[in-house]
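Summary of structural features
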Amino acid sequence: MRVLLVEDTTGLGEAVRDQIHEDGHAIDWVTSLRFAETSILNTTYDLILLDLMLPDGNGFSFLKKLRKAGSSTPVIILTARDQVSDRIEGLNAGADDYLIKPFDLSELSARVSAVARRYRGNPNPLVKIGHLEVDLNEHRLKSKGQNVELTAREWAVLEGFFQRPGTLLSRSQLEDRLYQFGAEIESNTIEVYISRLRKKLGREAIVTVRNMGYRLETNE
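Structure report, in brief. (Residues numbered from 1 in each chain as written. Predicted model: local features only at pLDDT ≥ 70, side-chain atom pairs only at ≥ 80, totals over all residues. Heavy atoms only, no water.)

**A look at the sheet that holds strand β2 (residues 26-30)**
An order of β2-β1-β3-β6-β7 is seen for the five strands of this open sheet, with the pairing classed as parallel. Pairing within the sheet leaves two strands with one partner each, and these edge strands are β2 and β7 (97-100). For this sheet, the mean inter-axis angle between neighbouring strands, taken without regard to orientation, is 20 degrees. In this structure, strand β6 (residues 75-79) lies alongside β7, joined through four bridges in parallel fashion. (Pairing = 2+ DSSP bridges. Helix = DSSP H or I, 4+ residues; strand = E, 2+ residues; numbered from the N terminus. Axes fitted to C-alpha atoms, helices over the stretch in contact; angles between N-to-C directions.)

What follows is the structure in C-alpha cells.
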C-alpha cells in the first residue's frame with residue numbers, strides 16, 4: 001500500500017515510518033495539515049495515519065473535510081487523547097480505527113492490515129490465488145505447498161497483484177508501491193523485482209503484457 005502519515009512528533013514519526021516501511025509499504029510522512037492536504041491532492045493513498053493535535057489545526061477537522069469531499073480513503077487516528085468521547089467523535093467523523101498513544105508498533109501493523117483487508121472486501125487474511133497461498137497478516141507465502149521467503153520490497157510488489165488478482169498493473173502502479181514521494185526511481189527497478197519474483201514463484205506466475213504492464217496468473 002501507499003500510506004500517508006500525518007504526525008508532528010519526530011521520534012514517533014520516525015518509528016511509525018520505519019515500521020510501515022518494514023511491513024513492505026511505501027509511506028510519505030508530513031508534519032502538518034497543510035502538507036497533508038497538498039499530499040492528497042498530488043498522490044493517491046491507500047491509507048492515512050492521522051494525529052489529532054497538529055501545529056496548524058485539529059485532525060478531526062481535516063478528517064471531516066476529507067469525508068465531506070467524498071474521499072473514502074481509510075483513516076486510522078493515532079492520538080494520546082484517550083477519552084471515550086474523543087474516540088466516539090473520531091469514529092463519527094469518519095475514522096476507521098482509533099489507536100491510543102503510546103502503542104505497540106506490531107499492533108499498529110495488525111490494525112493497518114485489518115483496515116486494508118476490509119477495504120479490499122476480503123476480511124480473510126488467508127488467500128489462495130492459483131498455486132500461491134498467502135497469509136496477508138503474517139506475510140507468509142507458499143508456492144505449490146512450499147514456503148517462499150520474500151524481501152520487503154518483493155512482498156510490496158507481489159501484494160499489489162494479490163489485491164487485484166487477474167488485473168493488469170502498469171509499471172507506474174507498481175513503482176508507487178515501492179517508493180516514498182520524491183524518491184529517485186531507477187528505470188529498471190520493476191523489471192528487476194519481477195525477475196526475482198519469477199525465479200521464486202515460477203516464470204509463468206507473472207505475465208508480461210508488452211508496453212502495458214504485468215498480471216498475476218490466477219490459473220492453477
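**Some words on the packing of helix α3 (residues 59-68) against helix α4 (residues 84-93)**
For the pair α3 and α4, interaxial distance at closest approach is 9 Å and the crossing angle is 25 degrees. Considered as vectors, α3 and α4 are oriented roughly parallel to each other. When α3 is examined against α4, the residues Phe-60, Leu-63, Lys-64 and Arg-67 are found in contact with a partner set consisting of Asp-86, Glu-89, Gly-90 and Ala-93. Residues of the contact of α3 with α4, tallied by class, amount to three nonpolar, one polar and four charged. (Parallel < 35°, antiparallel > 145°, perpendicular 65-115°, else oblique. Contact = heavy atoms within 4.5 Å. Nonpolar A, V, L, I, M, F, W, Y, C, P; charged D, E, K, R; others polar.)

**Structural notes on the layout of surface pockets**
The computed volume of the second largest pocket comes to approximately 350 Å³. Lining the second largest pocket are 19 residues, and of these His-139, Arg-140, Leu-141, Lys-142 and Val-148 lie nearest its centre. Mapped by element, the contributors of at least two residues to the lining of the second largest pocket are β8 (126-129), β9 (132-135), β10 (140-143), β11 (146-148) and α6 (152-163). Along the lines of polarity and charge, the residues of the lining of the second largest pocket split into eight nonpolar, four polar and seven charged. (1 Å grid on protein atoms, 1.4 Å probe; cavity = no way out; pocket = protein on both sides within 12 Å on 5 of 7 lines; lining within 4 Å. Points joined across faces, edges and corners; volume = space filled by probe spheres on them.)

**Some words on the sheet that holds β9**
Each strand in a sheet pairs with another by means of backbone hydrogen bonds, the pair being arranged parallel or else antiparallel. Read from one edge of the open sheet, four strands run β8-β9-β10-β11, paired in antiparallel fashion. In this open sheet, the two strands that pair with only one neighbour each are β8 and β11. If you compare each strand with its neighbour and ignore which way they point, the axes differ by 25 degrees on average. By the bridge criterion, four bridges tie β9 to β10 in an arrangement that is antiparallel. Looking across to β10, one finds that Val-134 is bridged to Leu-141.

**Quick notes on the pairing of strand β13 (residues 213-216)**
In terms of strand pairing, strand β12 (residues 206-209) meets β13 through four bridges, oriented antiparallel. By the bridge assignment, Ile-206 is partnered in β13 with Leu-216. Hairpin connection, β12 to β13: the antiparallel pair is bridged by three residues, and Asn-211 has positive phi, about 65 degrees.

**Side note on the pattern of salt bridges**
Between side chains of opposite charge, a pair can form as their charged atoms come close. Within this structure, the stated rule accounts for 13 salt bridges. Measuring nitrogen to oxygen at the nearest pair gives 3.0 Å for the salt bridge that ties Arg-81 to Asp-86. By relative accessible area, which is 25% here, Arg-81 ends up partly exposed. Its salt-bridge partner being Arg-171, residue Glu-175 comes within 3.4 Å of it at the nearest N-O pair. On the criterion of helical spacing, the pair formed by Glu-175 and Arg-171 is a turn pair, its members being four residues apart in helix α7 (residues 171-178). (Salt bridge = Lys/Arg side-chain N within 4 Å of Asp/Glu carboxyl O. Buried < 20%, exposed > 50% of the residue type's maximum accessible area, 1.4 Å probe, protein only.)

**Section: unusual backbone geometry**
Cis geometry marks the peptide bond from Lys-101 to Pro-102, where omega comes out at -10 degrees. For Pro-102, the location among the structural elements is in the loop between β7 and α5 (105-119). Even without a glycine there, the phi angle at Lys-144 is positive, about 55 degrees. Mapped onto the elements, Lys-144 comes out in the loop between β10 and β11. Although it is not a glycine, Asn-211 sits at a positive phi angle of roughly 65 degrees.

**Notes on the side chain of Ser-143**
Its place among the elements puts Ser-143 in strand β10. Among the residues examined, Ser-143 registers a relative accessible area of 9% and is labelled buried. Looking at Ser-143, its side chain comes within polar contact range of the side chain of His-131, at 3.3 Å. Apart from residues lying up to four places away in sequence, Ser-143 is in contact with His-131, Leu-132, Val-148 and Leu-201. (Polar contact = N/O pair within 3.5 Å; in protein donor to acceptor, adjacent residues only side chain to side chain.)

**Side note on the nonpolar core**
Residues Leu-141, Leu-158, Phe-161 and Phe-162 are the most contacted members of the largest nonpolar core, which totals 25 residues. Among the elements of the structure, β8, β9, α6, α7, α8 (189-201) and β13 are those that each provide at least two residues to this core. No other element matches the six residues that α6 contributes to this core. Leu-33, Ile-48, Leu-66 and Ala-93 belong to the second-largest nonpolar core, a separate cluster that totals 19 residues. (Core = buried A, V, L, I, M, F, W, Y, C linked by side-chain atoms within 4.5 Å.)

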